[in-house]
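Structural overview
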Amino acid sequence: VSTQSTGVRAPCDMPEQQVDGGEGESTNARKKRLRIQRAQANKERKQATAAESRQRRVEESNAKLSQQPESEQRRVTELRLELRDARLGRKRERKQRLAERLAENAGGHFAVDLAFEDMMSAKELRSIGTQVLTMYGQNCSSQCPFQLHLMGLLPGSATERALERATAGNMSSWIGIRKHQSAQVQEIFGNKRVVYLSPDAAEVLEVVEGETVYVVGGLVDRNRQPRASIERAEQLGVEARRLPIDEYADVSRTDFFTISDILKIVAQFSLLGDWKTVFSSLDAAQRNGRRKASRQPPAQPEQPGAIDPGTDGS
């Protein structure tokens, strides 16, 4: 998500592999790189230990069961199968409910433009993978789910590897999401109206319509590319609109909003049709509004004619 279009405060993900910083690496950079590598190694070691522990418990349980009478073995085996079937049944029901909601909201499309891979580091790509996972979960629980799209997702690319890692390889079983190798909206959506969400757009998004495709830039750039999303919209030849965050949300910039935040805003607005109500109930806006308030300087003694820093002076 572009820090201008969704402005991600990306978590400090670990690099995908350990590398030497090179001859020009500073002392601080080397210390940071080694610290990250140690943290990654510890994480992988803990994951391996947990997997071994689970396997050991399974083997011990099976060994104890094999010592029980045959009737008890059958009872336990049948119980395990019942529990597995119940778990799978709940999973199927959740997918069915999502499919039904998607059918009711036929025509709503929300796309993530993944054509920014060259602008991001491995850490930032990992953040994109995590955000796509969160976006999918958000869409599954939404009252107004969209048909999701991932544009420009090339097989074997670093972005695909980041997504596979974030989703533990389960993305192929997701419903309501389509992957496209092409990053050209005309090839994917044909004659549908496409709106690219960018904070640099001149016009505000006034309405969410069915059969319209809403695209957000899949870019975590730490503000290095402040106009990337609007330039991408111009390159694609599509309309650009901005969310009225400055008007209704008490945040400094859209760089506090993730992909799932933007999806939630658009979905809520399609239901409520009122920006003020949407932003007043948005968790991300409230959370970051508190962060903004916490950064304000302490109140100074009131002086004649002074304006309270908590107000806009109106």
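Residues numbered from 1 in each chain as written. Predicted model: local features only at pLDDT ≥ 70, side-chain atom pairs only at ≥ 80, totals over all residues. Heavy atoms only, no water.

So, on to the pairing of strand S4 (residues 193-197). Burial analysis of S4 places four of its five residues in the buried class, the great majority of the element. In this structure, S4 lies alongside strand S5 (residues 212-217), joined through five bridges in parallel fashion. In the sheet register, Val195 faces S5, and the bridge partner there is Tyr214. As defined by bridge partners, S4 adjoins strand S6 (residues 239-241) across three bridges and the pair is classed as parallel. When the sheet's bridge partners are listed, Val195 is paired in S6 with Glu239. (Buried < 20%, exposed > 50% of the residue type's maximum accessible area, 1.4 Å probe, protein only. Helix = DSSP H or I, 4+ residues; strand = E, 2+ residues; numbered from the N terminus. Pairing = 2+ DSSP bridges.)

Counting buried positions over the six residues of S5 gives six, a clear majority of the element. The alternating pattern of S5 places Thr212, Tyr214 and Val216 on one face and Val213, Val215 and Gly217 on the opposite face, and all of these are buried.

Position of Arg232 among the secondary structure elements: in helix H6 (residues 228-236). Using a relative accessible area of 7% as the deciding quantity, one classes Arg232 as buried.

We now examine a positive patch on the surface. A contiguous patch of positive charge, built from Arg87, Arg90, Lys91, Arg94 and Arg97, is present on the exposed surface. On the basis of relative accessibility, which here comes to 47%, the residue Arg87 falls in the partly exposed class. (Patch = residues over 30% accessible without salt bridge, like charges linked within 9 Å, V, L, I, M, F, W, Y side chains within 5 Å. Areas by Shrake-Rupley, 256 points an atom, 1.4 Å probe, with all protein chains shown as cover. Salt bridge = Lys/Arg side-chain N within 4 Å of Asp/Glu carboxyl O. Lys, Arg positive; Asp, Glu negative; His and termini not counted. Charge placed at Lys NZ, Arg CZ, Asp CG, Glu CD.)

Our focus in this paragraph is the pattern of salt bridges. Summed over the entire model, instances satisfying the criterion amount to 10 salt bridges. A salt bridge links Arg74 to Glu70, with the shortest nitrogen-to-oxygen separation between them at 3.3 Å. Placement of both Arg74 and Glu70 in helix H2 (residues 70-104) is noted, with a separation of four residues, approximately one turn of the helix. Exposure remark for Arg74: the relative accessible area of 45% places this residue in the partly exposed category. When the shortest N-O distance is used, the salt bridge between Glu211 and Lys192 registers 3.8 Å. With Glu211 in the loop between S4 and S5 and Lys192 in the loop between helix H5 (185-189) and S4, this residue pair connects regions lying 19 residues apart in the sequence. Taking the relative accessible area as the measure of exposure, Lys192 reaches 30% and is therefore partly exposed. The network of salt bridges with shared partners includes Arg193, Glu203, Glu209, Glu239 and Arg241.

Bringing the sheet that holds S5 into the picture now. Read from one edge of the open sheet, six strands run S3-S2-S1-S5-S4-S6, paired in parallel fashion. With partners counted over all chains shown, the strands left at the sheet margins are strand S3 (177-179) and S6, one partner each. Mean inter-strand twist for the sheet, computed between neighbouring axes without regard to direction, equals 25°. Across the face of the sheet, helix H3 (residues 122-141) comes into contact with strand S1 (109-113), strand S2 (147-151) and S3 while running at roughly 165° to S2. The strands touched by helix H8 (residues 259-272) within the sheet are S1, S2 and S4, with S1 carrying the most contacts at an inclination of about 155°. (Axes fitted to C-alpha atoms, helices over the stretch in contact; angles between N-to-C directions. Contact = heavy atoms within 4.5 Å.)

All we've got here are geometric facts, nothing functional implied.
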